[in-house]
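Chain by chain, the residues run as shown.
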Amino acid sequence: MLTPRAFAVLAAAAAMWFASRLLGTPDLHMVAVGLLAVVPLGALLVRTRRHELNATRRLSTPRASPGTRVRVDLEIRNAGGRRTSLLMLEDGRPAGLGPSARAVVADLAPGGRQTVSYDVVASFRGRYPIGPLKAMVADPFDLVRKPIRIPGQHDLVVFPRIEDLGTRPAASSTGGAGESVVRDLFRSGEDFYTMRGYEVGDDLRRIHWPSVARTGELMIRQDESARRATAAVLLDTRERAWSGRPDAFEQAVSAAASVGAHYLRGGFALRLATADRPPTPTSRDRFLDHLAIVRTVRVGQLTPAVDQLRGAVSGGAAVIVVTRVPDAEEVAALTRLRSGSASRMAILVQDGAPSGVAAEAAWVTLARAGWEVLMLPPGESLAERWRRRTRRPAIVASS
């Protein structure tokens, strides 16, 4: 492909040729012919020279929170037997990460390599593909360029916003069977079960140092006793529930992520359910990966998903439902939910559509059925509501 500089050279050559014809100047004619010949010679040089390029892309972290600056390192290596020309690089990325990153790399000797770096910042949750890399090879005068596509793509997963709900599991403050389960979690069990990555708030006495020495990362030992404690989180993903309220849905996703991470820090086994997905055991990474890309689905009622929660936990733990203010049928389904001695919590995101009377009625009915209810007004911090959860929350009436 010709560059703007090539068109300028061709225009100048044509002008000189016409001037030489009008003035009868042989020298000017020779200059015009020389300029005209430069462009096809550059094209021939670019087309005949083979470039064997390899690229290695490294992300400072493949998973990040919204607003986190992620560093991308690109190492370009000349795998051919000839020196390359000037390389102009363009690393593709979606609009959510800004415009494509561009850089210029000087000519590389055979076997030579050079590293270029740039930063990306994602403001919203999602999975962002980075790559493939495109290198533009040019002649020495930058008149003709040839694109070379270097395969390879990496995904950057941006989690939902996670609020810090404290270091103690929620079940420890609800009383009843959940409290005894939490005590079991933090006893030094005899039977080793599994390990997981260290998170802020974990008991430092549970660090498994042999694994730290082997992997270089802090690992926490979970004993067999932790298997008895299970938390199930149901996120309402119905399109009809959040129609026209994308901000409310994002608030619900953030609330589900915050509560799930809170229970995981407490050593609970976690199950995640949505309107179209039954309660499924999940790890921290899979849990956050799923919430990073979750979207609304066309499902009519939430009742079938609520009914599937009955067998999700055993031995007493927690059931958490994150939805908007439910209608009468959904409230009835929630009140029928019994799961042994498990504690039950409903986080109701108020999107402004339901009236204050409907929200009040849902709160009263669920509270009488043994549910702990947290009303979450638009834009309200879940962490703040969580700290004040022993008091009856205010009801926001629609405007």
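Residues numbered from 1 in each chain as written. Predicted model: local features only at pLDDT ≥ 70, side-chain atom pairs only at ≥ 80, totals over all residues. Heavy atoms only, no water.

## Observations regarding the overall build of the protein chain
Now for step 1: Across its full length, the protein chain carries 10 helices and 18 strands.
Now for step 2: Nonlocal contacts in the protein chain, meaning residues at least 24 apart in sequence, comprise 72% of its contacts between residues at least 6 apart.
Now for step 3: Carbon and sulfur atoms form 54% of the exposed surface of the protein chain, whose accessible area is close to 19800 Å². (Helix = DSSP H or I, 4+ residues; strand = E, 2+ residues; numbered from the N terminus. Contact = heavy atoms within 4.5 Å. Areas by Shrake-Rupley, 256 points an atom, 1.4 Å probe, with all protein chains shown as cover.)

## Quick look at the environment of Val-120
Now for step 1: The topology assignment puts Val-120 in strand β6 (residues 113-121).
Now for step 2: Put simply, Val-120 and Gly-98 are 22 residues apart on the chain and 7.6 Å apart in space, counted from C-alpha to C-alpha.
Now for step 3: With near-sequence residues (within four places) excluded, Val-120 lies in contact with Thr-68, Arg-69, Val-70, Val-72, Arg-93, Leu-97 and Leu-156.

## So, the pairing of strand β15 (residues 277-282)
Now for step 1: Where strand β14 (residues 269-274) meets β15, 4 bridges bridge the pair, whose relative direction is antiparallel. When the bridges of β15 are listed, Thr-274 appears paired with Arg-277. (Pairing = 2+ DSSP bridges.)

## Observations concerning the packing of helix α1 (residues 4-23) against helix α2 (residues 26-48)
To describe two helices that pack against each other, one gives the angle between their axes and the distance between the axes.
Now for step 1: Here α1 crosses α2 at 155 degrees, and the two axes come no closer than 8 Å. Considered as vectors, α1 and α2 are oriented roughly antiparallel to each other. Considering only the axes of α1 and α2, their crossing is left-handed. Where α1 abuts α2, its residues Ala-6, Val-9, Leu-10, Ala-13, Met-16, Trp-17, Ala-19 and Ser-20 lie against Leu-28, His-29, Val-31, Ala-32, Leu-35, Leu-36 and Val-39.
Now for step 2: Tallied by class, the residues present in the contact of α1 with α2 amount to 13 nonpolar, 2 polar and no charged. (Axes fitted to C-alpha atoms, helices over the stretch in contact; angles between N-to-C directions. Parallel < 35°, antiparallel > 145°, perpendicular 65-115°, else oblique. Left-handed = near helix turned anticlockwise from the far one by under 90°. Nonpolar A, V, L, I, M, F, W, Y, C, P; charged D, E, K, R; others polar.)

## Details of a nonpolar patch on the surface
Now for step 1: Taken together, the side chains of Tyr-198, Leu-204, Trp-209 and Leu-218 present a nonpolar region at the surface, about 420 Å² in accessible area.
Now for step 2: Its location among the elements puts Trp-209 in helix α4 (residues 209-215).
Now for step 3: Among the residues examined, Trp-209 registers a relative accessible area of 54% and is labelled exposed. (Patch = residues over 30% accessible without salt bridge, like charges linked within 9 Å, V, L, I, M, F, W, Y side chains within 5 Å. Salt bridge = Lys/Arg side-chain N within 4 Å of Asp/Glu carboxyl O. Buried < 20%, exposed > 50% of the residue type's maximum accessible area, 1.4 Å probe, protein only.)

## Considering the side chain of Glu-163
Now for step 1: By the secondary structure assignment, Glu-163 is in the loop between β10 (154-158) and α3 (177-185).
Now for step 2: Residue class for Glu-163 comes out buried when judged on its relative accessible area of 9%.
Now for step 3: A polar contact is formed between the side chain of Glu-163 and the backbone nitrogen of Leu-382, at a distance of 3.1 Å.
Now for step 4: Among all residues touching Glu-163, those that are not within four sequence positions of it are Ser-254, Ser-258, Ser-381, Leu-382 and Ala-383. (Polar contact = N/O pair within 3.5 Å; in protein donor to acceptor, adjacent residues only side chain to side chain.)

## Describing the sheet that holds β6
Now for step 1: With respect to topology, 3 strands assemble into an open sheet ordered β1-β3-β6, the strand pairing being antiparallel. Each edge of the sheet is formed by a strand with only one pairing partner; in this case those strands are β1 (53-59) and β6. Taken over all neighbouring pairs, the strand axes of this sheet differ in orientation by 20 degrees on average, direction set aside.
Now for step 2: By the bridge criterion, 7 bridges tie β1 to strand β3 (residues 69-78) in an arrangement that is antiparallel. When the bridges of β3 are listed, Leu-59 appears paired with Val-72.

## Digging into the packing of aromatic side chains
Now for step 1: All told, the structure shown has 3 aromatic pairs when counted by the stated rule.
Now for step 2: Measuring from centroid to centroid gives 5.2 Å for Trp-17 and Phe-18, while their planes differ by 75 degrees, and the two rings are edge-to-face.
Now for step 3: For Trp-17, a relative accessible area of 32% translates into the label partly exposed. (Phe/Tyr/Trp six-rings, centres within 6.5 Å; stacked < 30°, edge-to-face > 60°.)

## Some thoughts on the sheet that holds strand β9 (residues 145-150)
Now for step 1: Overall, antiparallel pairing links the 4 strands, which are arranged β5-β4-β8-β9 in an open sheet. Either end of the sheet is taken by a strand with one partner, and the two such strands are β5 (101-105) and β9. Going across the sheet, the axis of each strand differs from the next one's by a mean of 20 degrees, ignoring polarity.
Now for step 2: The pairing of strand β4 (residues 87-91) with β5 spans 5 bridges and is classified as antiparallel. Across the sheet, residue Glu-90 finds its bridge partner in β5, namely Arg-102.

## Regarding unusual backbone geometry
Now for step 1: With an omega of 0 degrees, the peptide bond between Gly-131 and Pro-132 qualifies as cis.
Now for step 2: Structurally, the position occupied by Pro-132 is in the loop between β7 (126-130) and β8 (133-138).

## A short note on the pattern of salt bridges
Now for step 1: In total, this model carries 15 salt bridges according to the counting rule given.
Now for step 2: Note that Glu-90 is salt-bridged to Arg-102, the shortest N-O span being 3.5 Å. With Glu-90 in strand β4 and Arg-102 in strand β5, this pair connects stretches of sequence that are 12 residues apart.
Now for step 3: A salt bridge links Arg-161 to Glu-163; the nearest nitrogen and oxygen atoms lie 3.7 Å apart.

## Some points on the packing of helix α5 (residues 246-265) against helix α6 (residues 284-293)
Now for step 1: Relative orientation of the contacting elements α5 and α6 amounts to 175 degrees, with a least axis distance of 10 Å. On the basis of the axis angle, α5 is roughly antiparallel to α6. For the pair α5 and α6, contact is made by Val-253, Ala-256, Ala-257, Gly-260, Ala-261 and Leu-264 and by Arg-284, Phe-287, Leu-288 and Leu-291, respectively.
Now for step 2: For the contact of α5 with α6, the class distribution of residues is 8 nonpolar, 1 polar and 1 charged.

Don't take any of this as a statement about function, it's just geometry.
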